[in-house]
Every structure is written in C-alpha cells, then in structure tokens.
Amino acid sequence: MKTLLRNRKALVGLAIIATIAILAIAAPLLTEYNPATRTGRPHQAPSMDHILGTTRIGQDVFARVLYGARTSLMVGFGAGLLITLVGTVLGIVAGYRGGKTDEVISFFTNMVLVVPNLPLLLVLAAFIGQASPVVIALILGATSWAWGARVTRAETLSVKQKDFVKSAEMMGERQWRIMAFEIFPNVISIVGINFIGSVIFAIITQATLEFLGLGDPRAISWGNMLFAAQKASALSVGAWWEILTPCFALAFLGIGMSLLNFAVDEIANPRLRTGNRLGRWSLLVRNGEGRL
Amino acid sequence: MAFLFRRLAFYLAAFLAAATINFFLPRLMPGDPIQLMFSSAGAELPPESLEALKLTFGFVDGPLWQQYLTYLGSIFTGDLGRSIKYFPLPVTSVLGHALIWTLVLMGTATVISFVLGTWLGVMAAWKRGSRFDVIVSVTSIFATSVPAVVTSLIVLFVFGFTLDWFPNGYAADPSLDPAFSLQYIASVAYHGVLPMVTLCTVLIGGFTVTMRNNMINLLGEDYIVMARAKGLSDRRVMLWYAARNALLPTVSSLAIAIGTILGGSLVTEVVFNYPGLGNVLYQAILARDYPVIQGQLLIMTATMLVANFIVDVSYVLLDPRLKAA
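Keep in mind the model is a prediction, meaning the values are calculated, not measured. (Residues numbered from 1 in each chain as written. Chains lettered and ligands numbered in written order. Predicted model: local features only at pLDDT ≥ 70, side-chain atom pairs only at ≥ 80, totals over all residues. Heavy atoms only, no water.)

For the rest of this paragraph, the subject is the confidence of the model for chain A. Mean pLDDT over chain A stands at 80; residues scoring 70 or higher make up 90%. The lowest-confidence element of chain A is helix α14 (residues 277-287) of chain A, averaging 36 in pLDDT; the highest-confidence one is helix α4 (residues 61-97) of chain A, averaging 90. (pLDDT = per-residue confidence, 0-100. Helix = DSSP H or I, 4+ residues; strand = E, 2+ residues; numbered from the N terminus.)

Spelled out as structure tokens, the structure:
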C-alpha cells in the first residue's frame, strides 16, 4: 500500500476515483432534483437552474449523472469482485491440484476465452430481458473470469515449486489450507491486477450493454443516459450536453481506473518503471554508455 | 502440424459450446419461450413466422436430445433460421451482408493500429524514460481507458457535427449504386474515416503498451547485451534482436484482443450508423429479433475462431520451436 501511494500514477488514479465516489455519495446534497422525474422543459441548454441542462423528457442531467455514478461504481466493483473471486479460486485450484482437475478447468477457461465476450453477453441479456444493474453484474461475473483464471494458474504453478509450500506439504497441512494461506498471499499481486482490470471491464461493459438497449430503462446509470440520448438523436438536435455529460463521466472514471491499473502493473513488475532512480540506474547499466 | 490439428479440434469444441448455449437459453425462459419471444417482438407478424421461429430454436416434436441434434444439424449446415423483423429473410443473409462491412472496417483498423502501435511501442521502449516515451505511454493509457462508446460519440460530435468535415453516418453516399467504380470506392473511404479513426484510437494504445512492456523485459536479456558487445548497430539490435522476439507475445495477445475489437466495432457502427453487424444487431435488439441476436453469436464466434486460427498459423511461422513440436 505504501509503495502504491508513492507512485504518481496511482495517486492521480486514486484521487479521480475518490472524487467520483464522494460526488456519488453526496448526490442528494449537491442537487435538489429527483433524477427520475421531469423537472423542467425538455432539452434546455445548461443554465443556472439546470447546471448541465435537461434531457428530452425534461430530467435534470446533472442529477442523473451524479446518481448514475452510484450505479456505475457499484456494478463495477461488485462485478469486479465476483469476476476476481471466480478467476482466483479456479486458477489456484487448477494450478495447485494439477492433473485431471487442471485439464478440465483449463479446457473450460480456454473455451470461454475464445468465445467473444460481448456477443455472448448480448445474447444472455436479451433472453433475460431488461437486465437490471444487479443482473448485469451477475452475468458479467459468470462469463468474464477466464483471463483471471489463466494468469492466476500460471502464477500458482511457479509458487507451487517454492520451498515453503513443500514444507507445508511435508507437515501434512490440508490442501485447502495450503491454497488459502500459502499460495494465495503469494499470488496477491496478480489478483490485484485482475481485480482492477475486471472493474474497468465491468464499468465499460455495463455502459455498452445499456447503450445498446439491453438494460432496464428505469435504472439511472450512465449507460442508460447514453441510450436515451442516442434514441432522442441528441446530437442531431444540438443537445450536446445530454450526450457529452455521461461521456466525460465515463472517460474520467475509465482514466482513473487505468492509471491505477498501470501503477499496480509497474509495482508488480519493477522493470517497467520509468523516471525513478532505480529505473534510471538500471537503464544506465543496461545501455552501458551512460546516455541519460 | 499436430499443434494446428489440436487447435482445430479445440475450436470446433468451442463453437459447439456457443451453439449449446444458444440452444438451452430459450429453454430456460419461464413459460412458453416461443410465445414470449413472439409477443415481445411486437408489431404485426405473419403467423408463418411463428413456425419459422420454432424451427430456428429446434422446437420440434420429440425428446430434448432429438431437438438438440436437429438444432445442431441445421446450424452445421449453415441454416440459422429466419429473422422476425425482416421476416422471410434468413438470418444468414441478414447478417452475412453486414458481416462484410464489419470485416472491412475491423480488418483495416486492426492492421493500421497493430502496425502503428507496435512501432510506437518499440520506439518508446528503446528510448525509455525520454519525452517521447512519456508522451506515447500517457496517451496510450488515456486512449485505451476510454470506452469505445465514448470515443466514438466524441469523435462524431467534434468531426461530424461541430467541424462538419466528415459524414455523420452510412458507409457510402446513399444516392450512389454499389459498384466497383472509383467514385463508389472513394465515397466508402470518405465515410469510413470517422469510424476508422475511432477504432484505431481505441485499439492502438493496447498494442503500444504490450509491445513496450515486452521490449523492456527483453532488453535486459543476455543476448541483447551480447549483440551490443559484438558492436552491432543500434537499429539492428533494436529490430532484429529485441523487437523480433517481443513480437511473439503481442501476436498471441492479438488473438485474445480480436474479441474486444469485435465488441468495439459493434458500438462504433451503432454510433456512426454504419451498416455492419453492430447496427443490424442494435436494430435486432430494439425489435427483440431473437433469431438474429443468437445468430450473431454463432457468426462472431466463427469469425473469432477463424481469426484465432490465422494467428496460430502465423505463430508457428514466427516461432520455429513450434514446428518441431
């Protein structure tokens, strides 16, 4: 955690996410409007009354983007947790147990990896019909764990060879204990990277599914805002605020999460670091010419 | 060769899995799935389309395994049923026409961003820590972290509506007849600029970052030091010793990325009203045209598996160790 806070990318990323979270929590204090109801005339440009204008049916855009942040964050972190949980358990079990267990799990993992994700989600969501944010989080968790399982398995395979695992086996520890207390803490950096990546994926995918019209239109979320705006041809009629507001919200959150992602990546793999003293030193040594 | 055959068998199994999901999903719906699908599609539908819908999902008289075999039989003979929205039209012809546009758009964008992204990654890794590296890395992070929906809407707003440099929709001027003429091709290219720019923006960062990270990991290897010690030129070491080997993992990540590229292109097409799979699918979702929605999964899975197989073949060509195995 300390190393995380010393990384500039991580700090900026965390600050962005914290800002969005605070805005989402404080939504009732920041706006007096109800995000779900009509509060003004349709498609009004930003003004003192409606800071970010109104939608085609007269809802306040600012209120909707604030309350929508709650949905995006909750689906993102909820689905991210689920994806990581499934991927980590399957990865560690496959990697540690080996043999038939590994063969079966790996086969399924590879299969899920080659079936394109978004088309599969589209079919699932279409049959479930008007998927609420919770349902979207659940189907994301059920279909998107494969990448995490694969990388966790690879990492487990190398940790398994270490002496402390061998000694735990000699002492007759039970398998689940070895997996939970010897292996898991040593693959935690991979699990962390997997978690952040999954959260980003979940936020983007939820917005995409809703934009394509598969979400529950009553839910207040950024994806639904985009869907409504697209359906109302907001750009053609000049109501840019209705489209650009959720766009920038999504972009902002995406950038924050990605900065964090790259920072964790750099910390887990020190060779990728640039700018700090170690990086420069190793570059000097490697180039052998002292160019920096 | 054995390696490629194993992959082929695996892809067949994966396709079977996608087909099986398609078969069981409607059967998990509560109540009578056919009636449900039929009524949610709304509008006035000819009664023949109900029969066609039943056939599409293999609802024939007989036990489940017989229905399953009938369903698989029709899928593997290339019959995906009939669309509800465009009723007598078969799903394959609705999707097949759109697939060509998607492949043209996606293929061009993938090639451009793969070449450009890889080259940027090599340069950034080689000049690690320089201003060039910082600019390239930070821009890549930003570009990859913005969802494709957002990128395409912003590109459309800026270049399509505000500056009005490029058309806001369609793949070609609607007044032109599709023909192999210079005028038509020029119109297609002109209409393709904005979707292409969007897709490249979404894709390029991923290739750059993967290539940069692979390169940096390799630059510490002994054989790079050895190549330098032999007094080879910078260019030779960079391209023939480091980049060549760093390309291997990039190619395999390309295989996984194809799914993401498909997804990105779906969304981009909807925003730019491009007549590809994405747009057809969007219309199908709005009309709850289930046969088309499930057909796209099969067609896209097949596309992805073929693309993966091409990557496998190129992998064998790039890595001589696999030929011996």
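We now examine unusual backbone geometry. Phi is positive for asparagine 273 of chain B, which is not a glycine, with a value near 55°. Structurally, the position occupied by asparagine 273 of chain B is in the loop between α10 (234-272) and α11 (277-286).

All names here are of chain B. When the terminal C-alpha atoms of helix α4 (residues 64-76) are compared, their 18 Å separation across 13 residues agrees well with the 18 Å that a helix rising 1.5 Å per residue should span. The complete set of buried residues in α4 reads Gln67, Tyr68, Tyr71, Leu72, Ser74 and Ile75. Projected down its long axis, α4 shows its buried positions confined to an angular sector of 165°, all on one face. Opposite the buried face of α4, by more than 90 degrees, sit the exposed residues Trp65 and Leu69. Backbone geometry just after α4 places glycine 78 at a positive phi near 80°. (Expected span 1.5 Å × (residues − 1). Buried < 20%, exposed > 50% of the residue type's maximum accessible area, 1.4 Å probe, protein only. Arc of directions from axis to C-beta.)

Left-over empty space is what a probe sized like a water molecule reveals as it rolls over the atoms. Summed over all chains, the structure comprises 3 cavities of 30 Å³ or more. Counted as a void, the second largest cavity has a volume near 40 Å³. What lines the second largest cavity is simply Ile200, Ile203, Ile204, Leu250, Leu253, Gly254 and Met257 of chain A together with Pro147 of chain B. The element that contributes the greatest number of residues to the lining of the second largest cavity is helix α13 (residues 240-268) of chain A, accounting for 4 residues. (1 Å grid on protein atoms, 1.4 Å probe; cavity = no way out; pocket = protein on both sides within 12 Å on 5 of 7 lines; lining within 4 Å. Points joined across faces, edges and corners; volume = space filled by probe spheres on them.)

Further remarks concern the interface of chain A and chain B. Contacts between chain A and chain B engage 55 residues on the former and 58 residues on the latter. At the junction of chain A with chain B, the criterion picks out 0 salt bridges. On the surface where chain A and chain B come into contact, there are 2 residue pairs in polar contact (both at pLDDT 80 or more). Looking at the side of chain A that touches chain B, the elements with two or more residues in it are α5 (99-114), α6 (117-128), α11 (188-211), α12 (222-231), α13 and α14 of chain A. At 13 residues, α13 of chain A tops the list of elements feeding residues into the side of chain A that touches chain B. Among the residues making up the side of chain A that touches chain B, the classes are represented as 33 nonpolar, 13 polar and 9 charged. (Contact = heavy atoms within 4.5 Å. Salt bridge = Lys/Arg side-chain N within 4 Å of Asp/Glu carboxyl O. Polar contact = N/O pair within 3.5 Å; in protein donor to acceptor, adjacent residues only side chain to side chain. Nonpolar A, V, L, I, M, F, W, Y, C, P; charged D, E, K, R; others polar.)

Quick look at the pattern of salt bridges now. This model, assessed by the stated rule, comprises 6 salt bridges over all chains. With a closest N to O distance of 3.3 Å, glutamate 173 of chain A and arginine 177 of chain A form a salt bridge. Among the residues examined, glutamate 173 of chain A registers a relative accessible area of 31% and is labelled partly exposed. In this structure, aspartate 312 of chain B engages arginine 7 of chain B in a salt bridge whose closest nitrogen and oxygen atoms are separated by 3.1 Å. Taken together, the residues span a long stretch of sequence, with aspartate 312 of chain B in helix α12 (residues 290-318) and arginine 7 of chain B in helix α1 (residues 2-28) at a distance of 305 residues. Exposure remark for aspartate 312 of chain B: the relative accessible area of 10% places this residue in the buried category. For arginine 7 of chain B, a relative accessible area of 24% puts it in the partly exposed group.

What follows is about the UniProt feature "transmembrane region" (unreviewed entry) in chain A. Residue and element names in this part refer to chain A. Mapped onto this numbering, the UniProt entry gives "transmembrane region" (unreviewed entry) at residues 73-95, 107-128, 134-152, 183-204 and 243-264. Structurally, residues 134-152 is divided into 89% helix and 0% strand, and its ends, taken at the C-alpha atoms, are 26 Å apart. Annotated as residues 183-204, this span is 82% helix and 0% strand, and its ends, taken at the C-alpha atoms, are 31 Å apart. (UniProt positions renumbered as here; feature names shortened; annotations may be inferred.)

Mapping alanine 137 of chain A onto the fold places it in helix α7 (residues 133-143). Along the sequence, alanine 137 of chain A and glycine 80 of chain A sit 57 residues apart, while their C-alpha atoms lie 8.3 Å from each other.

Moving on, we come to the packing of α4 of chain A against α11 of chain A. All names here are of chain A. Close contact between α4 and α11 brings their axes to 7 Å; oriented N to C, the two are set at 135°. Classified by the angle their axes make, α4 and α11 are oblique. Judged by the twist between their axes, the crossing of α4 over α11 is right-handed. When α4 is examined against α11, the residues Thr71, Ser72, Val75, Gly76, Phe77, Ala79, Gly80, Leu81, Ile83, Thr84 and Thr88 are found in contact with a partner set consisting of Val191, Asn194, Phe195, Ser198, Val199, Phe201, Ala202, Ile203 and Gln206. In the contact of α4 with α11, the residues fall into 11 nonpolar, 9 polar and no charged. (Axes fitted to C-alpha atoms, helices over the stretch in contact; angles between N-to-C directions. Parallel < 35°, antiparallel > 145°, perpendicular 65-115°, else oblique. Left-handed = near helix turned anticlockwise from the far one by under 90°.)

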